[in-house]
Amino acid sequence: MNWLSASPGVVLTAYHPSGNSAVAGSNAKESEETSPSSRRSGQYTMNHENSKKSTERPQFDRSSSQDSVDELSMDDYWKELENIHETSENNHKEQEVVVVKEPDEGELEEEWLKEAGLSNLFSESTGDSLDSMVFLSTLTRTQTAAVQKRVETVSQTLRKKNKPYHVPDVRDIFRQQSDSKEKVSDESEPSSVTARENKNEAQDEVKDDSDFSLGISEKTSLLEDVPVSETDINLEISFAEQAANLKDSSIGKMCKGKEDDTLLPNFRLPKDKTGTTKIGDLAPQDMKKVYSLALIELTALYDLLGTEFKQQKAIKIKTKDSGLFGVPLSVLLEQDQKKVPGTRIPLIFHKLISQIEEARLDTEGLLRIPGVAARVKSLCQELEAKFYEGTFNWESVKQHDAASLLKLFIRELPQPLLTVEYLKAFQHVQNLPTKKHQLQALNLLVLLLPEANRDTLKILLEFLQRVIDHRDKNKMTLNNVAMVMAPNLFTFHGLGSKTIEQSEFVMAAGTANVMRFMIKYQKLLWTIPKFIVNQVRKQNTACQKKEKKDKAMKKLLKKMAYDKEKHEKQDKSPNDADVPQGVIRVQAPRLSKVSMAIQLTEELKASDIVARFLSQKSGVVQALKKEEVFLYEIGGNIGERCLDDDTYMKDLYQLNPNAEWVIKSKHS
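Residues numbered from 1 in each chain as written. Predicted model: local features only at pLDDT ≥ 70, side-chain atom pairs only at ≥ 80, totals over all residues. Heavy atoms only, no water.

Considering the overall build of the protein
Here is the rule we go by: Where helices and strands are cited, they refer to DSSP runs of H or I of at least four residues and of E of at least two residues respectively, numbered from the N terminus. In this analysis, two residues are considered to be in contact whenever any of their non-hydrogen atoms come within 4.5 Å of each other. Where accessible areas are quoted, they stem from the Shrake-Rupley method and a 1.4 Å probe; at the residue level, only the protein chains shown are allowed to cover.
Helix and strand counts for the protein stand at 27 helices and nine strands. Relative to all contacts within the protein whose residues are 6 or more apart in sequence, the contacts with residues 24 or more apart total 80%. Of the roughly 31,900 Å² of accessible surface on the protein, a fraction of 49% belongs to carbon and sulfur atoms.

Re the layout of surface pockets
What counts here: The pocket and cavity definitions rest on a 1 Å grid over protein atoms only: a 1.4 Å probe that fits but cannot leave marks a cavity, an open set with protein on both sides within 12 Å along at least five of seven lines marks a pocket, and residues lining either have an atom within 4 Å of a point. Grid points are joined across faces, edges and corners, and a volume is the space filled by probe spheres set on the points.
Put simply, the largest pocket is a space of about 1,200 Å³. Along the walls of the largest pocket sit 39 residues, with Ile279, Gly280, Asp455, Lys458 and Trp526 positioned nearest its centre. Contributing elements (two or more residues each) for the lining of the largest pocket: α11 (284-304), α17 (435-448), α18 (451-469), α21 (502-520) and α22 (522-525).

Re the nonpolar core
Quick reminder of the rule: Definition used in this section: a nonpolar core is a set of buried Ala, Val, Leu, Ile, Met, Phe, Trp, Tyr and Cys residues joined via side-chain atoms within 4.5 Å. Burial classes follow relative accessibility: with a 1.4 Å probe on protein chains only, a residue under 20% of its type's maximum area counts as buried, one over 50% as exposed, and anything between as partly exposed.
Residues Leu367, Leu464, Met485, Leu489, Phe490, Met515 and Met518 are the most contacted members of the largest nonpolar core, which totals 125 residues. In this structure, Met485 is in contact with Leu367, Lys407, Ile410, Leu460, Leu464 and Met515, ignoring residues within four places of it in sequence. Within the second largest apolar cluster, 22 residues are counted, among which are Met596, Ile598, Ala606 and Leu652.

Some thoughts on the sheet that holds strand β9 (residues 660-665)
Applicable threshold: Paired strands, as defined in this entry, are two strands with at least two bridges between them according to DSSP. In this analysis, axes come from line fits to C-alpha atoms, helices being fitted only over the stretch in contact, and the angle between any two N-to-C directions falls in the range 0 to 180 degrees.
Across the sheet, which stays open at both edges, the five strands sit in the order β6-β5-β9-β7-β8 with mixed pairing between neighbours. Edge strands, defined here as strands with exactly one partner in the open sheet, are β6 (595-599) and β8 (638-642). Shown here is a sheet whose adjacent strand axes are inclined to one another by a mean of 25 degrees, direction ignored. Direction of pairing for strand β5 (residues 583-587) relative to β6: antiparallel, over a ladder of five bridges.

Remarks on the packing of helix α15 (residues 399-412) against helix α20 (residues 478-490)
Between two packed helices, both the angle of their axes relative to each other and the distance between the axes serve to describe the pair. Here is the rule: These descriptions rest on fixed angle ranges, namely under 35 degrees for roughly parallel, over 145 for roughly antiparallel, 65 to 115 for roughly perpendicular, and the rest for oblique. As a working rule, the residues Ala, Val, Leu, Ile, Met, Phe, Trp, Tyr, Cys and Pro are called nonpolar, Asp, Glu, Lys and Arg charged, and the rest polar, with Gly in that last group.
Packing of α15 against α20 leaves a shortest axis separation of 8 Å and a crossing angle of 30 degrees. Between α15 and α20, the interaxial angle falls into the category roughly parallel. Contacts between α15 and α20 involve Lys407, Ile410 and Arg411 from the former and Val484, Met485, Asn488 and Leu489 from the latter. Looking at the contact of α15 with α20 residue by residue, the class counts come to four nonpolar, one polar and two charged.

Some points on the pairing of strand β7 (residues 629-635)
In terms of burial, β7 is a largely internal element, five of the seven residues being buried. Pairing of β7 with β9, which is carried by six bridges, proceeds in the antiparallel orientation. Each residue of the ladder has a partner; that of Glu633, found in β9, is Trp661. Both β7 and β8 contribute to a ladder of four bridges, which runs antiparallel. Within the sheet, the bridge partner assigned to Glu633 lies in β8 and is Arg641.

What to know about unusual backbone geometry
The phi torsion at Arg360 lies on the positive side, around 70 degrees, for a residue other than glycine. Considering the arrangement of structural elements, one finds Arg360 in the loop between α13 (347-358) and α14 (373-386). Of note, Leu367 is a non-glycine position whose phi angle comes to about 80 degrees, a positive value. Note that Leu367 resides in the loop between α13 and α14.

Some points on the confidence of the model for the protein
Applied cut-off: Confidence of the prediction at every residue is given by pLDDT, a number between 0 and 100.
Mean pLDDT for the protein: 75, with 63% of residues reaching 70 or above. At the low end of the mean pLDDT range in the protein sits helix α8 (residues 218-221), at 36; at the high end sits strand β4 (residues 527-528), at 98. Across residues 90-99, confidence stays below pLDDT 50; counting only partners more than four residues off in sequence or on other chains, it has 28 contacts. Counting contacts from residues 180-227, a segment whose pLDDT is below 50, to residues more than four positions away or on other chains yields 70 contacts.

Right, dumping it as structure tokens:
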């Protein structure tokens, strides 16, 4: 469905806190205590001439006489949504309207190219052109098609607007990849043999290479248990490439039938001998590359599956610069880190979850039954005044009130937790043809979230799973929790609102399904696909080669490199001497035994190496726990990567033979 208004401008509102704020909500069990028209502070609204109509239930409403909590789950959704719409009505008069011009398609695609790190394709500056060529050379066939489509759209738009600067032909952009690499090799390597080798290398990088073997043969680079089951998630090959192959195959045609939405398969990630990479395992410079690649891959996947993917421009609105509710995540974290250095999620968010859990998660209707409106209103105001002073009395907060405050916090965020830019993309996950495609898209979307949003979402999903783990007593199944939480994450009036008709009923069920996916498969969503990590490795390798060749072109640098090498050979200590074949030297600068030579075997894992260091009898080592230190892969074709315990070191060494191996804590 089209979420944007048909008018040329989107009508938004700025944030204005209201003194009469509380969480809306009513329930049959607490009807005597709960106000039928409760309010909460500041809310964004849009085109509210139909707001009264929007609170009506659609004709698909199920009978309230049904006893099953699961069957009433859609009722839970509508109750939450009605509370939000009602709150918007109550605060509408207090808000200042701001009109924001909608960008045209060319502007959106130009913004997309900037986000993907390819803005210099349309810039007069050529300083980073070789870097872009290196980046483009690592793309798959489907990723390249996605970039070409955006380049063509921007080119046509700029021609129509008669922009003064030159817009390259899309065919030239990808033709330049091999030309630029050939030029570098010709200038830096006079040998015709070497030049031919580099030319072939450049051509190999440009061609479609879905497995990214990085010089290792296909047979050895792929795992022995390459996924063949429908419930296995293949992280070695681009998701879009898999979709393209499936689309062209007879299997793909057979799979076009509608899936049973009520069943969620037990998807699994087959073991990767070179180690599974989680969000947070890579250094910032590599994560920046991951972001660009994930954006291109997601776009390619949506293009291939015929689903619209348009980034929304970030909305500039007035926000509070202090407080708890209605404050941007970045501002909250900045003020929280002054209180607790290193904190990664808002303190109030963490405390509300702790408060709910302290009263046990066995309470029936937890999250579904709202708190008493008058009490929640009073608690909200008191928290704003006393939370940071440490004088707030948490003993007076009832569990349902704390749950209402938690949902209020999420809804009050000036920008949605899933971000304005990608909220629609999250919503459109429901339109993808299979559950595997939907899971793959969600995986990429999580990679695109800002760090603060991602960390907060992770804590929320983990908490929701703990609630579900007590479903036998609290009667909150996965479906129930998803139905209750979906309106709080997906309702953002800044992107438009329509009356609840049949189309919105479909949207409601769809966003609830997306919520179910995020909760059930949350552990999979925080994994960085191996094909993206391998693309990062290829980029790093190509950049290192380019830098090496650039240095080789200058005689002065050659002389300096020679002198440095001679000096290093003279000063090498016995510990840094060349290690024998099949042996790695592991450094542990913070432990008592700072260095150890390790013989690689077929079965040696990262956890075995850490255990060897921790087994050393020393006060320093005994004070550390295995969970506190990790083995890191540093340098070579990666910036820095924290290894999981099940990484087979010999396989990883073959993938990155020039890396250094260091044991340290996660955030040291």
